[in-house]
Amino acid sequence: MLSNGLLPNSDLRKNNLTAKFSYDFTEKLHATVFSTLTIQDTKGRNETGYSDNIVTGFRQWWQTNVDLYDLRDAYARSNNGNNTWNRTSGENGTPAYWNNPYFQRYQNYQSDSRTRTFSYAQLKYDVSKNFGITGNYLTTTCKC
């Protein structure tokens, strides 16, 4: 599965493989084995914390007169530099709090790869029609 992200320069590639097998040893003894593997590669994941989260900047911290087209053009004119609307001072162009969103999306973004597995094995013994005993073994791994 490939999903283009909501923000520019972002996408998610995710593959899942799942298998489940069941076997009845007797009329009363049943076995099940289940396993799933998820491989995920993400580019341009949005920040979720307080700083540099572009989505919260739109609704809470940016001035209402910030022109995004001007920020896009300033980013392009500066050879993809971090020109922003909230400079530290007139002489110092370092952002006081927020990066230019175009700089943030094209040069200062998060990416990650994850490989996860989840598996279980189960044995069930039917003591009677309404009562059974079940034993499970579960395991998970994550290379995050």
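Not measured: the values here are computed from a predicted model. Within each chain, residues carry numbers counting from 1 in the order of the written sequence. At least 70 in pLDDT is required for a residue's local features to be given in this predicted model, at least 80 for side-chain atom pairs to be given and counted, and no such filter applies to totals for whole chains, interfaces and linings, which use all residues. As a convention, hydrogens and water are excluded, and side-chain values are obtained from all of the structure's heavy atoms.

A. A look at the packing of aromatic side chains. Centres within 6.5 Å are what make two rings of Phe, Tyr or Trp a pair, Trp counting through its six-membered ring; a difference in plane orientation under 30 degrees is then read as stacked, over 60 as edge-to-face, and the rest as tilted. Overall, the coordinates contain six aromatic pairs when judged by the stated rule. Residues F34 and Y120 carry aromatic rings whose centres are separated by 5.3 Å and whose planes lie at 25° to one another, so their mutual orientation is stacked. Note that F34 is positioned in strand β3 (residues 29-45) and Y120 in strand β4 (residues 110-128), a separation of 86 residues in sequence. Ring pairing ties together the aromatic residues F34, F118 and Y120, which thus form one cluster. Strands are runs of DSSP state E lasting at least two residues, helices are runs of H or I lasting at least four, and both sets are numbered from the N terminus onward.

B. Unusual backbone geometry, seen in detail. Phi at N9 takes a positive value of approximately 60°, unusual for a residue other than glycine. Of note, N9 is situated in the loop between β1 (2-4) and β2 (11-24). Type-normalised accessible area, obtained with a 1.4 Å probe on protein chains alone, sets the label of each residue: buried when under 20%, exposed when over 50%, and partly exposed for intermediate values. Owing to a relative accessible area of 21%, N9 belongs among the partly exposed residues under this scheme.

C. Quick look at the environment of Y69. Position of Y69 relative to the elements: it lies in helix α2 (residues 68-77). Overall, the relative accessible area of 55% leaves Y69 in the exposed class. Each C-alpha atom of the pair Y69 and Q107 lies 18 Å from the other, and the pair is 38 residues apart in sequence.

D. Just the pairing of strand β5 (residues 131-143), in detail. For β4 and β5, the ladder comprises 13 bridges, and the chain directions are antiparallel. Bridging across to β5, T117 finds its partner in T141. In this description, strands pair whenever DSSP reports at least two bridges between them. If you look at the hairpin formed by β4 and β5, you'll find two residues sitting between the two strands.

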